[in-house]
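# Fold and contact review
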Amino acid sequence: MNYETIFKKYKNAGQEHVFKFFDELNKKDQEIFLTQLSQIDIDQVSTLIQQATAHKLTQDTDQLEPLPQDIVDVSHPQWYQNGLQLIAENKVAVILMAGGQGTRLGSQDPKGCYDIGLPSHKSLFQLQAERIQRLQTLASSFYSKNSIIPWYIMTSGPTDIPTRQFFKQHNYFGLSEQNVLFFKQGVLPCFNLQGKFMLEEKGKLAVAPDGNGGIYNALHREGVIKSLKERGILYSHCYCVDNSLAKVADPIFIGYCASRHTDVGIKVVAKNNPEEPVGVVARRNGKYGVVEYSEISDELANMRSNLDGSLAYGAANIANHFFSTDFLERVPSFANQLEYHVAHKKIPFIDASTGDRVFPKEPNGIKLERFVFDVFSHSEAFSVLHVDRADEFAPLKNGSGAGVDCPETSRTAILNQAQRFITMAGGHYQDQSIEVEISPLLSYGGENLEKLNGKFIKKSCILNSLDDVYSQ
């Protein structure tokens, strides 16, 4: 679209102020700016702004109910075989939400590139890639099939190019390039408290990722749904990159959800305590969803179950999901019913009166986002799998030294899990100062370590293969 067409659209929407400095830009920057403006659905965004400024999200806690017992289950051995067979039949994909930057970790790289300090110095991306490789090997050998788990990785504007380069630089961590597919989540303009778009630069709108709930639009817009169907994928495991213990394409989870004809599934862990700042899976108005900790009163947060004394609202969300391809395909049919969440943020901007860049000390603008769990209420067959936090949830949120959800706790969680695997296999540590890292290429969930039965591990090491096991 040319300048006149774009300007008219923005003027009709009451946003023509974004052209205030247009004549100051050189020709190339003008073209770049017009390209950005043309990619915004100005009518849709205007509607969203009106809804956001007129409506404050309120929740009636009296309409909340804990999860019913019949919707929650724990692991069963049969589900593992069911899931592994589906993987062997190439009916399972993995969708990774990896749009986050490592800013809070003190890194400018995408969060998945982060080294949490393991002896091997593997990044989160590498750990997850190797878990996929191991599952492909297990499924192929068990069912004599060439098993492939395609990995769809959702990036954001800031992380897209660095993520692609990181994978290419590391030869896709042993996976086939054609089975590692990248797609980018969308962005929405930021706006001030009067509903006006903000400029990050004189020729650039201030925009922000549309939240991890933007994954559904991106799956359709970027052709992922089409790819899933062409590959014959029936089910996808979707998770966040910052969980260092994520059991990627977990056969137990896949088998469990498939056996229940689930269209949306979620893993939960028990809340550590009533005050833990984590959303919980519950029912609101009879529909399943995630209730943020800020929405639950102290009374409900401390409520106990009459059955076992556990927290009634204790099913903590760990952003670990199962989706049927059929469900993902029908999201557009109800997408217009999903509300955007309002986030008040400190957003640097260009002052229209002076042309100066301003760095506010207080929240001055609004970002709109959707969450991945916003679609849960539209599930027709919802399932919940309760898993052990120690084996499945070690999030990386905070910088080194924070003491919680940080590189040190993630590192410890992985090494502690390795010790449990070795103990279950009948192995022993000579003393408690020993640290052993087990490569996911050797063992996904504790299998393949039988040779350690009766052995004492005498020194810290990395177990990369059975040769390393034999040498102990």
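Residues numbered from 1 in each chain as written. Predicted model: local features only at pLDDT ≥ 70, side-chain atom pairs only at ≥ 80, totals over all residues. Heavy atoms only, no water.

## Here's the deal with the confidence of the model for the protein
Counted only if it meets this: A residue's pLDDT is the confidence the predictor assigns to it, expressed on a 0 to 100 scale. Whether two residues are in contact is decided by their heavy atoms, any of which lying within 4.5 Å being enough.
Across the protein, the average pLDDT comes to 92, with 97% of residues at 70 or higher. In this model, residues 57-61 is a region of pLDDT below 50 whose contacts with residues beyond four sequence positions or in other chains number 7 contacts.

## Here's the deal with the sheet that holds strand β19 (residues 365-369)
Pairing between the strands of a sheet is mediated by backbone hydrogen bonds and can be parallel or antiparallel. What counts is decided by this rule: Being paired, for any two strands, means DSSP has found at least two bridges between them. Here a strand is any run of E in DSSP of at least two residues, a helix any run of H or I of at least four, and the numbering for each starts at the N terminus.
A sheet is described by the order of its strands in space; here 3 strands give the open sequence β7-β19-β16, paired in antiparallel fashion. Sheet topology places β7 (191-192) and β16 (341-345) at the edges, where each strand pairs with a single neighbour. Note that β7 and β19 share 2 bridges and pair antiparallel. Within β19, the residue paired with Asn-192 across the bridge is Gly-365.

## Here's the deal with helix α9 (residues 251-259)
This is how it is decided: Between buried and exposed lies partly exposed: a residue is buried under 20% and exposed over 50% of the maximum accessible area for its type, with that area taken using a 1.4 Å probe on protein chains only.
The element α9 is extensively covered by neighbouring structure, given that 8 of its 9 residues are classed as buried. Every buried residue of α9 is listed here: Pro-251, Ile-252, Phe-253, Ile-254, Gly-255, Tyr-256, Cys-257 and Ala-258. Within two residues after α9, His-261 carries a phi angle of roughly 55°, on the positive side.

## Quick notes on the pairing of strand β5 (residues 180-184)
Formally: Look down the strands so they point away from you; if going from the first strand over the helix to the second traces a clockwise path, that crossover is right-handed.
Two elements, strand β4 (residues 151-155) and β5, share 5 bridges in a ladder whose sense is parallel. What sits directly across from Tyr-152, in β5, is Leu-181. After leaving β4, the chain enters helix α6 (residues 160-169) and then returns to the sheet as β5, a path that is right-handed.

## Overview of the nonpolar core
Heads up, the rule is: The definition of a nonpolar core used throughout is a set of buried Ala, Val, Leu, Ile, Met, Phe, Trp, Tyr and Cys residues joined through side-chain atoms within 4.5 Å.
Among the nonpolar cores identified, the biggest contains 47 residues, and Phe-125, Trp-151 and Phe-167 are the most heavily contacted of them. For Trp-151, the contacting residues outside a window of four places in its chain are Val-94, Leu-96, Phe-125, Gln-128, Ala-129, Ile-132, Phe-167, Leu-175, Asn-179, Val-180, Leu-181 and Tyr-239. In this structure, Leu-228, Ile-233, Val-268 and Val-281 belong to the second largest nonpolar core, which totals 39 residues.

## Description of the environment of Thr-155
Relative to the helices and strands, Thr-155 is located in strand β4. With 28 residues separating them along the chain, Thr-155 and Phe-183 place their C-alpha atoms 6.1 Å apart.

## Things to note about the side chain of Gln-136
Operational definition: Nitrogen and oxygen atoms within 3.5 Å of one another constitute a polar contact, given that in protein one can donate a hydrogen and the other can accept it, and given that sequence-neighbouring residues count only through two side-chain atoms.
The topology assignment puts Gln-136 in helix α5 (residues 124-143). What makes Gln-136 buried here is its relative accessible area of 16%. Among the polar contacts made by the side chain of Gln-136, one reaches the main-chain amide nitrogen of Ile-149 at a distance of 2.9 Å.

## Brief notes about unusual backbone geometry
Non-glycine residue Ala-249 carries a positive phi angle of around 55°. Note that Ala-249 resides in the loop between β11 (235-240) and α9. Phi is positive for Asn-448, close to 75°, though the residue is something other than glycine. In this fold, Asn-448 is placed in the loop between β22 (436-438) and β23 (456-457).

## Digging into the pattern of salt bridges
So the rule is basically this: By definition, a salt bridge exists where a carboxyl oxygen of Asp or Glu is found within 4 Å of a side-chain nitrogen of Lys or Arg.
Applying the stated criterion across every chain, the model contains 20 salt bridges. Between Asp-160 and Arg-164 there is a salt bridge; the shortest N-O distance is 3.1 Å. With Asp-160 and Arg-164 both in helix α6, this residue pair falls 4 residues apart, about one helical turn. Note that Glu-435 and Arg-411 form a salt bridge whose closest N and O atoms lie 2.9 Å from each other. With Glu-435 in the loop between β21 (428-429) and β22 and Arg-411 in helix α13 (residues 407-424), the pair connects residues that are 24 residues apart, well separated along the chain. For Glu-435, a relative accessible area of 31% translates into the label partly exposed. For Arg-411, a relative accessible area of 21% corresponds to the partly exposed category. Several salt bridges share partner residues, and in doing so they unite Lys-247, Asp-250, Lys-267 and Glu-392 into one network.

## Let's talk about the packing of helix α1 (residues 3-12) against helix α2 (residues 27-38)
Two packed helices can be described by the angle between their axes and the distance between those axes. Cut-off, in case you're wondering: Angles here are taken between N-to-C directions and fall from 0 to 180 degrees, while the axes themselves are lines fitted to C-alpha atoms, restricted in helices to the stretch in contact. Roughly parallel here means an angle under 35 degrees, roughly antiparallel means over 145, roughly perpendicular means 65 to 115, and every remaining angle is called oblique. Two helices crossing with the near one rotated counterclockwise from the far one by less than a right angle form a left-handed crossing, whereas a clockwise rotation gives a right-handed crossing. All residues other than Ala, Val, Leu, Ile, Met, Phe, Trp, Tyr, Cys, Pro, Asp, Glu, Lys and Arg, Gly among them, are scored as polar; the first ten of these are nonpolar and the last four charged.
With their axes 10 Å apart at the nearest point, α1 and α2 run at an angle of 50° to one another. With respect to α2, the element α1 is oriented oblique. Our pair here, α1 against α2, has a crossing hand that is left-handed. Taken together, the residues of α2 that come into contact with α1 (itself represented by Tyr-3, Ile-6 and Tyr-10) are Leu-34, Leu-37 and Ser-38. Grouping the amino acids of the contact of α1 with α2 by side-chain chemistry returns 5 nonpolar, 1 polar and no charged.

## Here we look at α2
For clarity, the threshold we go by: The span expected for a helix works out to 1.5 Å for each residue beyond the first. Think of it as the arc spanned by the lines of direction from the helix axis to the C-beta atoms.
The end-to-end C-alpha separation of α2 is 16 Å, in line with the 16 Å expected for 12 residues at 1.5 Å each. For α2, the full list of buried residues reads Gln-30, Phe-33, Leu-34, Gln-36 and Leu-37. Summarising the axial view, the buried residues of α2 lie within an arc of 160°, below the 170-degree limit, and thus occupy one face. Buried residues belonging to α2 abut α1, β8 (199-201), β9 (204-205) and β10 (207-209).

## Observations concerning the environment of Trp-151
Assignment of secondary structure puts Trp-151 in strand β4. Note on Trp-151: relative accessible area 0%, which makes it buried. A sequence separation of 98 residues divides Trp-151 from Ala-249, and the C-alpha atoms of the two residues are 9.7 Å apart.

## Some points on the packing of aromatic side chains
Put simply, the rule reads: For this analysis, a ring pair means two rings from Phe, Tyr or Trp (six-membered ring only for Trp) whose centres lie within 6.5 Å, classed as stacked if their planes differ by under 30 degrees, edge-to-face if by over 60, and tilted for the remaining angles.
Throughout the structure, instances matching the rule amount to 26 aromatic pairs. Ring plane angle 85° and centroid distance 6.1 Å describe the contact between Tyr-10 and Phe-19, whose orientation is recorded as edge-to-face. Each of the two residues, Tyr-10 as well as Phe-19, counts as buried. Centre to centre, the rings of Phe-167 and Phe-182 are 5.4 Å apart; their planes meet at 75°, and the pair counts as edge-to-face. With a gap of 15 residues between them, Phe-167 in helix α6 and Phe-182 in strand β5 connect regions that are remote in the sequence. Both residues of the pair, Phe-167 and Phe-182, belong to the buried class.

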